[in-house]
Amino acid sequence: MSKKSSVGVQAWYTNCPVYHAGNVDQELGWIEEEYKKLGAKFTYFRSTKENTWYPHYIHNMDNFFRYGGCCPAIHVKADIKDTVLLGLQWLHQGGAILTRSRDDIFTMQELKGKRIGISKSLNTKKNDWWRITEHRGIELALRLNGMTNEDVQWVEYAYDDDWYDKREMLDETFDTPSDIWLARDITNDPAFRPLELALENGEIDAIYTADGMYQVQEQSGKFKVIENLANYPDWTVQVANAPYTITVDRKFADEHPELIVAYMKGTIKTGRWINENKHAASYFLNKTFFHPTVKETAESIAHMNFVPDFTPMNVQALDIQKEFMLKHGYIKNDFDVNDWIDSEFAKEAKKLLAEEQKGEFL
C-alpha cells in the first residue's frame, strides 16, 4: 500500500447510463462512505462547472474512475492514456435490427438490396461508440442470416453529437449521473437514437438499435424488430459496447492503491446487494437506461450478475471488441488486454468485505 496520506485527496467518477453497480451505488453512497473513512473525497465529475463532459470519453482528468461501455475505455487505453482495468461486467444484450412497422419486411433476407443506416458522429473530440456498436451489430446480423455487407446498401448519416458543448449543459451542474438522465429524459433522448427519424421518414429501411431502446421504439407503433441478437445461443454475438469496464488512471492507482481498493469495495458490496435485491435495484437503474418502466428494467436485469470480475468469458469478450475496433480503424494502436487487467484491487476489497462480514456475527 502507498505511504501517501489519503486525507483530503479528491477522486472523481463517471458512470455510463447502463445497467451496472455504479448507477446503484450513486444512490446508496457506499463508495463515498469508504472514502470518508479514509478522509478522502469521492465526487461526480460534473458536480462542478470546472469540468467539461469529455473526461467521460477521453479520461483527461486525474484521480478519475470510469464505469461503463467498453468502446471509449478501449480507445483511451489504446491511443490516449495509460489506465488500469479494475473489473468487467457482462450482459446478454446484443442489440436488434429495426424496420418500420408497416413495411413489407419480415426477415433479414428481405433486406437484400435495401438501405441500412449507420451513424457518424461529427464530434471528433470523443470516441464514436455508437457507430462502433451499430457497425458490429449490423455485420453480425447479416452474417447470421447468410448475408454479407455487399447484400445491403450502407447509408451513412452524420450528426452533430454536440450536446456536450451546449451552454445549457455546461452551465448546469449535476450531483449524480441520474440527475442528468432524468433531466434529459433518457428514454426519449434523440442523442441516443440518431437514425430513428431517418428510418421513420423512409430515407433508410433499417437500423441497428439497443435493448431497452427498441422496446420504446416498438411501443410507439412506428417500428418493429426483425432480428434480435440476444436470441442466439452464441455469447460472442452479444458483445455490444460490452462487457462494461471499470477503469482508473494508472498514476492514481500507483499513488493511492488504498483508494482504488475503497472504490472496488463499495462497488462489489453494491453489486452483491443488487444481485440479492433485483426489484429494488430496478427503481434506481430505471433512471439511467432506456427501458420505459421499472418492471421492464427488472425483467431485463433478472439474470445479470452485478459483481464485476475477470472471468475468462469477460476477458475474451473484451478482446473481441478490441480486435473489432482495431480491424476497422476505430483505434490506432494495439495492446494486450491481459496486461491492462489488475485484479489485485478487487481481491483486496473482497478480503476486507469478508473480514467485516465475519465481524458482524462475532
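Just above sits the structure.
Treat the numbers as computed from the prediction; the structure is a model and nothing was measured.

*Asks:* What exactly am I supposed to notice about the environment of Pro243 here?
*Replies:* Mapped onto the fold, Pro243 is located in the loop between β9 (223-228) and β10 (244-249). For the pair formed by Pro243 and Val7, sequence separation is 236 residues and the distance between their alpha carbons is 33 Å.

*Asks:* Which parts of the structure should I look at to understand empty space enclosed by the protein?
*Replies:* Over the atoms, a rolling probe the size of a water molecule traces out where space has been left empty. In this structure the tally under the stated criterion is 4 cavities of 30 Å³ or more. Taken as a whole, the largest cavity spans an internal volume of roughly 420 Å³. Listed by contribution, the elements that provide at least two residues to the lining of the largest cavity are β1 (10-15), α3 (55-58), α5 (129-144) and α7 (177-184). By residue number, the principal contributor to the lining of the largest cavity is α5, which donates 3 residues. Looking at the lining of the largest cavity, its residues break down into 22 nonpolar, 9 polar and 2 charged. Roughly 90 Å³ of internal volume is contained in the second largest cavity. Along its surface, the second largest cavity is lined by Tyr57, Lys126, Asp128, Trp129, Trp130, Tyr159, Asp161, Trp163, Tyr164, Ala191 and Phe192. Of the residues assigned to the lining of the second largest cavity, the class counts are 8 nonpolar, no polar and 3 charged.

*Asks:* What is the right way to look at helix α13 (residues 294-301) in this model?
*Replies:* Every α-helix carries 3.6 residues per turn, so stepping three or four residues along brings you back to the same face. In terms of burial, α13 is a largely internal element, 6 of the 8 residues being buried. What α13 keeps buried is the set Val294, Glu296, Thr297, Ala298, Ser300 and Ile301.

*Asks:* Would you take a moment to explain helix α12 (residues 278-285) for this structure?
*Replies:* Looking only at α12, the buried set comprises Lys278, Ala281, Ser282 and Leu285. Seen along its axis, α12 keeps its buried residues to an arc of 115 degrees; they face one direction. Along its buried surface, α12 packs onto α1 (22-28), α11 (257-276) and α13.

What counts as what
Residues numbered from 1 in each chain as written. Predicted model: local features only at pLDDT ≥ 70, side-chain atom pairs only at ≥ 80, totals over all residues. Heavy atoms only, no water. Helix = DSSP H or I, 4+ residues; strand = E, 2+ residues; numbered from the N terminus. 1 Å grid on protein atoms, 1.4 Å probe; cavity = no way out; pocket = protein on both sides within 12 Å on 5 of 7 lines; lining within 4 Å. Points joined across faces, edges and corners; volume = space filled by probe spheres on them. Nonpolar A, V, L, I, M, F, W, Y, C, P; charged D, E, K, R; others polar. Buried < 20%, exposed > 50% of the residue type's maximum accessible area, 1.4 Å probe, protein only. Arc of directions from axis to C-beta. Contact = heavy atoms within 4.5 Å.

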